[in-house]
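Inside the fold
Below, each chain spelled out in residue letters.
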Amino acid sequence: MDPITASLELVGDPSDAIYARLFERFPETKERFDRDVSGSIRAEMLTMVFDCLMNPAGPYQTGLVRTERVNHDGFGTPAKVFDSLFWIVRDVCRERAGAAWTPETEAAWTSQIERLLAASK
Ligand code: HEM
């Protein structure tokens, strides 16, 4: 199992904590989810983020991220904020994993996010 998938098994469901961190860091993003009453948009977004991180950032994943970055910019989420969600996800997962988060885990996450962001620009 790759180190990212292995670490995700340690963190439970980090979704609420990830969105809480996003709204704390970028309060202006909160109202964008007002119409997401059921939480399905938030769930779909995180599913895509995790899928892109767990699978090697191949052409399919980088294409998705590139397309969504443009879509999101069109509806008011600048690229810088869009990209930051990946780092927020890493930080929240690190905190939840505690001591089980090793330097290898950290390196795997950081290099995968850097690779995905660079390849999708
Ligand atoms: C902080 C950054 C982000 C914010 C504030 C944000 C916000 C949103 C919002 C408000 C929607 C609903 C759009 C609508 O009104 O229909 C949405 C949808 C979606 N987001 Fe994000 N998003 C962010 C980052 C991402 C990232 C990094 C991904 C995946 C790589 C992603 C994937 C999606 C997908 C798949 C949908 C649903 C389909 C679509 O409308 O394209 N989002 N996002």
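Here the structure is shown first, and the text comes after it.
Residues numbered from 1 in each chain as written. Predicted model: local features only at pLDDT ≥ 70, side-chain atom pairs only at ≥ 80, totals over all residues. Heavy atoms only, no water.

1. With respect to the site of the ligand
Looking at the ligand, there are 18 residues lining it, with Arg35, Met45, Glu68, His72 and Phe82 nearest. Separating an oxygen atom of the ligand from a side-chain N or O atom of Glu68 is a distance of 2.9 Å. His72 has a polar side-chain atom sitting 2.8 Å from a nitrogen atom of the ligand. Among the detected pockets, the ligand sits in the largest pocket. Secondary structure elements with two or more residues in the shell around the ligand: α3 (40-54), α4 (59-74) and α5 (79-97). Residue contributions to the shell around the ligand peak at 5 residues, all from α3. Split into classes, the residues belonging to the shell around the ligand amount to 11 nonpolar, 3 polar and 4 charged. (Near = heavy atom within 4 Å. Polar contact = N/O pair within 3.5 Å; in protein donor to acceptor, adjacent residues only side chain to side chain. 1 Å grid on protein atoms, 1.4 Å probe; cavity = no way out; pocket = protein on both sides within 12 Å on 5 of 7 lines; lining within 4 Å. Sits in = over half its atoms within 2 Å of the grid points. Helix = DSSP H or I, 4+ residues; strand = E, 2+ residues; numbered from the N terminus. Nonpolar A, V, L, I, M, F, W, Y, C, P; charged D, E, K, R; others polar.)

2. Describing the coordination of the iron atom of the ligand
Taken together, the protein donors to the iron atom of the ligand comprise Met45 (SD) and His72 (NE2), at separations of 2.0 to 2.3 Å. Around the iron atom of the ligand sit 6 donor atoms, and with donor-metal-donor angles ranging over 78 to 179° the site reads as octahedral. Of this pair, Met45 sits in helix α3 while His72 is found in helix α4, placing the two residues 27 residues apart along the sequence. (Donors = N, O, S within 2.8 Å, 3.2 Å for Na, K, Ca; no water. Tetrahedral: all angles 85-135°; square planar, octahedral: opposite > 155°, others 65-115°.)

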